[in-house]
Amino acid sequence: QVHLVESGGGLVQAGGSLRLSCAASGDIFGITAMAWYRQAPGKQRESVASITRSGITKYTESVKDRFTISRDNAKNTVYLQMNGLKPEDTAVYYCNVIKLGSTYWGQGTQVTVSS
């Protein structure tokens, strides 16, 4: 079992920055991709960014050039640096990891961007 703990969410004004962290623990051997998803009220959960173990990244179009995903394999931690935040980025952000074909989710951290 993989346990994920997210941190770093909060309330920020439009144009501000936040950095989310997600630390994986437990049976972490075999984790490959790590990712961030988000879910806004009344909307489906969507992929924000992902990163492979070798560092290949993907972003959803709406966050390109504003968000940066990174990971520290030694610490089994994935980060999401969010700059230029917009009110439409308001959502619960979830950490996600893939391990040997299984998917694990964190509990989520709230990000609220005020206009």
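In this convention, every chain numbers its residues from 1, walking through the sequence in written order. For this predicted model, a pLDDT threshold of at least 70 governs which residues receive local features, and a threshold of 80 or more governs which side-chain atom pairs are given and counted, while totals over whole chains, interfaces and linings are taken from all residues. To obtain the side-chain values, all non-hydrogen atoms of the structure were included, while hydrogens and water were left out.

(A) Highlighting the overall build of the protein. A count of helical and extended segments in the protein gives zero helices and eleven strands. Helix and strand definitions here come from DSSP, where helices need a minimum of 4 consecutive H or I residues and strands a minimum of 2 consecutive E residues; each element is numbered from the N-terminal end. Secondary structure elements of the protein occur, N-terminal to C-terminal, as β-β-β-β-β-β-β-β-β-β-β. As defined in this context, the radius of gyration uses C-alpha atoms, and a globule is described by 2.2 Å times the residue total to the power 0.38. Taken against the 2.2 N^0.38 rule, which gives 13 Å for 115 residues, the C-alpha radius of gyration of the protein at 13 Å falls within 12% of a compact globule. Seen along its three principal axes, the alpha-carbon backbone of the protein occupies a region of about 40 × 25 × 20 Å. Here the protein holds 115 residues, and the buried ones make up 39% of them. Contact criterion: two residues are considered in contact whenever any of their non-hydrogen atoms come within 4.5 Å of each other. A fraction of 53% describes how many contacts in the protein between residues 6 or more apart in sequence connect residues 24 or more apart. A 1.4 Å probe and the Shrake-Rupley method give the accessible areas. Residues count as covered only by the protein chains that appear here. Surface accessibility of the protein: about 6,100 Å² in total, with carbon and sulfur atoms responsible for 50%. As used throughout, the charge tally considers Lys and Arg to be positive and Asp and Glu to be negative, leaving His and the chain termini uncounted. The atom standing in for a charge is NZ when the residue is Lys, CZ when it is Arg, CG when it is Asp and CD when it is Glu. In the protein, the 12 positive side-chain charges and the 8 negative ones have mean positions that sit 3 Å from each other. Relative accessibility under 20% of the residue-type maximum defines a buried residue, over 50% an exposed one, and the middle range a partly exposed one, all with a 1.4 Å probe and only protein chains included.

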